[in-house]
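Here is what each chain is made of, one letter per residue.
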Amino acid sequence: MSARRATASSERLEELRRRLGTIADLQAVLSVLGWDQQTQMPEAASDLRAEQVATVSRIAHEHATSEEIGALLDALEGEVDPGSLEGALVRIARRDYDRSVCLPASLVEETARVTSLAEPAWVEARERADWAIFAPHLERIVELRRRAAEAYGFEDHPLDPLIDLYEPGMTRERLSEIFAVIAERLVPMVRAVAEIEDDCDAALRGPFDEAGQEAFAREVVGRFGYDWTRGRLDRAVHPFCTSFGVDDVRITTRFEPEYLPTALFGILHEAGHGLYEQGIDRELVRLPLADGVSLGVHESQSRLWENLVGRSWRFWQAFYPRLCEIFPAQLRGVDLETFYRAINRSAPTPIRVEADELTYNLHVFLRFEIEASVIDGSLPVARIPEAWNAMMEDLLGVVPADDAEGALQDIHWSGGSFGYFPTYAVGNVLSVQLYETAVAAHPEIEEEMERGQFGTLHGWLREAVYRHGRRWDPDELITRATGRPLDPEPYLSYLETKYGELYDFD
Ligand code: ZN
């Protein structure tokens, strides 16, 4: 490359970074507005806030779809080394740009309108347990998502491009294969556990005062490595983690004085998401690379810290004495063994958000199967509840009392999110694959955990996963970190060992 061309190229790269920085700032502004709306905003402000969000969204969309970015990317694609950081930047910026421009404005507007009407309809349908109230809205949504799938383009199945929005590179076919392997081994275990009567979780029923719960959880996630100088904890009805950039990563929770696990494991979960966001390399800041690589990989981190660490015997050897110090009356007479069984109790329930570690993925498989057949037209919307209940009985051995407890329980479809549920299962599977790789490389991780120390584990995850942001696609990131792509085997043997010991079956 001549010196003059090299200069022109680096100027283009500078210009691209400048424009992407503006988009990143606007998206961070939207995140601040969203965080505020869910944690602080007075109720009466919702109309005002909707206008503010719509305005900033429109400006962000204008920037993200500008012809100038398209032209810069066209020129830079032949100029940057694909293996370099700049190469990754151009590749990811291209993906985001193509996604932003490929949907016709009319489709985007109609989807926004239809979903904004569908949500209150879903709320009403769930309250009355009446599928017929929600069905006509869902029919419109399915049609619009199918049109979006066509606009994005796909080879095999219309769910593929929708899955790809959340889990780049993943397909319906590959998920079906992985899920079939998992279900075959999980279902008999779930059945065996369901046979066993166990009400040991009485120990977790309160009251546990909020201040004590908060103090304990803050101490723990600080030990994990969550940096409180770059984060904070607030209350929200539907807990989440949000990032406005690597120096401002916030988590939220909902305290339930009557049931200890809700906030405790909720905070460990959100802090796992937060550790990922806080661990992204500073050189990626204000670029589209400064984000989790996929929802599945993101969820692998919340699940790793919540379950592999937070529900482990080793972890509680370190922290149970401290919890008993904070709640001496509530935990009097509850030994560590009982407490450990209580936080790991498994019992099938029709409700996904109440599902335990063992049964959770089966809830995901059911939704995934239904989504795939609704989107490809093989299952009419009217017949979803029937299909739902039949699969629920097959997989979990329980039947929902009504559609509120069945096909109407989740908000996701009312917002048009199809292909989102599988990321929860991908996260569960990856959490074990990553954790076991870390422990194989550094066996001292588990001894450290017994002493309430997490530096080696956190350091390994930061190096292997967090710092790279979106630089590598999920498959490449996971292969670099663990030596192979997504593999359900570690997850399955982990559950077999853990629940085999807890419930004494084999
Ligand atoms: Zn999560």
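See above for the structure.
Residues numbered from 1 in each chain as written. Predicted model: local features only at pLDDT ≥ 70, side-chain atom pairs only at ≥ 80, totals over all residues. Heavy atoms only, no water.

S.K.: What is the right way to look at the coordination of the zinc ion in this model?
M.R.: Octahedral metal centres with six donors ideally show angles of 90 or 180 degrees, and tetrahedral centres with four donors ideally show 109.5 degrees. Around the zinc ion, the protein contributes the donor atoms His269 (NE2), His273 (NE2) and Glu299 (OE), at 2.1 to 2.3 Å from the metal centre. Each donor residue of the zinc ion lies on the same chain, and together they follow the pattern H-x3-H-x25-E. Residue His273 is located in helix α10 (residues 260-278), and its partner Glu299 is located in helix α11 (residues 295-309); the two are separated by 26 residues in the primary sequence. The residues His273 and Glu299 share a single accessibility class, namely buried. (Donors = N, O, S within 2.8 Å, 3.2 Å for Na, K, Ca; no water. Helix = DSSP H or I, 4+ residues; strand = E, 2+ residues; numbered from the N terminus. Buried < 20%, exposed > 50% of the residue type's maximum accessible area, 1.4 Å probe, protein only.)

S.K.: Would you explain the layout of surface pockets in this entry?
M.R.: Summary: where empty space remains is shown by rolling a probe the size of a single water molecule over the atoms. By volume, the second largest pocket amounts to about 480 Å³. Along its surface, the second largest pocket is lined by 20 residues, and Ser312, Trp313, Arg314, Tyr340 and Tyr494 are the ones closest to its centre. Broken down by secondary-structure element, the contributors of at least two residues to the lining of the second largest pocket are α11, α12 (313-326), α13 (336-343), α16 (422-441), α17 (444-450) and α20 (489-503). Ranked by the residues each element gives to the lining of the second largest pocket, the list is headed by α20, at five residues. When grouped by side-chain class, the residues that make up the lining of the second largest pocket number seven nonpolar, four polar and nine charged. (1 Å grid on protein atoms, 1.4 Å probe; cavity = no way out; pocket = protein on both sides within 12 Å on 5 of 7 lines; lining within 4 Å. Points joined across faces, edges and corners; volume = space filled by probe spheres on them. Nonpolar A, V, L, I, M, F, W, Y, C, P; charged D, E, K, R; others polar.)

S.K.: Would you mind showing me how to read the packing of α10 against α11 here?
M.R.: What describes two packed helices is the angle between their axes and the distance between those same axes. Contact geometry of α10 with α11 gives a least axis separation of 7 Å together with a crossing angle of 135°. Viewed along their axes, α10 and α11 adopt a mutual orientation that is oblique. The two elements α10 and α11 meet at a crossing, and its hand is right-handed. Residue-level contacts link Phe265, Leu268, His269, Gly272, His273, Leu275, Tyr276 and Glu277 of α10 to Val297, His298, Glu299, Gln301, Ser302, Arg303, Trp305 and Glu306 of α11. When the residues that make up the contact of α10 with α11 are grouped by side-chain class, the tally is six nonpolar, six polar and four charged. (Axes fitted to C-alpha atoms, helices over the stretch in contact; angles between N-to-C directions. Parallel < 35°, antiparallel > 145°, perpendicular 65-115°, else oblique. Left-handed = near helix turned anticlockwise from the far one by under 90°. Contact = heavy atoms within 4.5 Å.)

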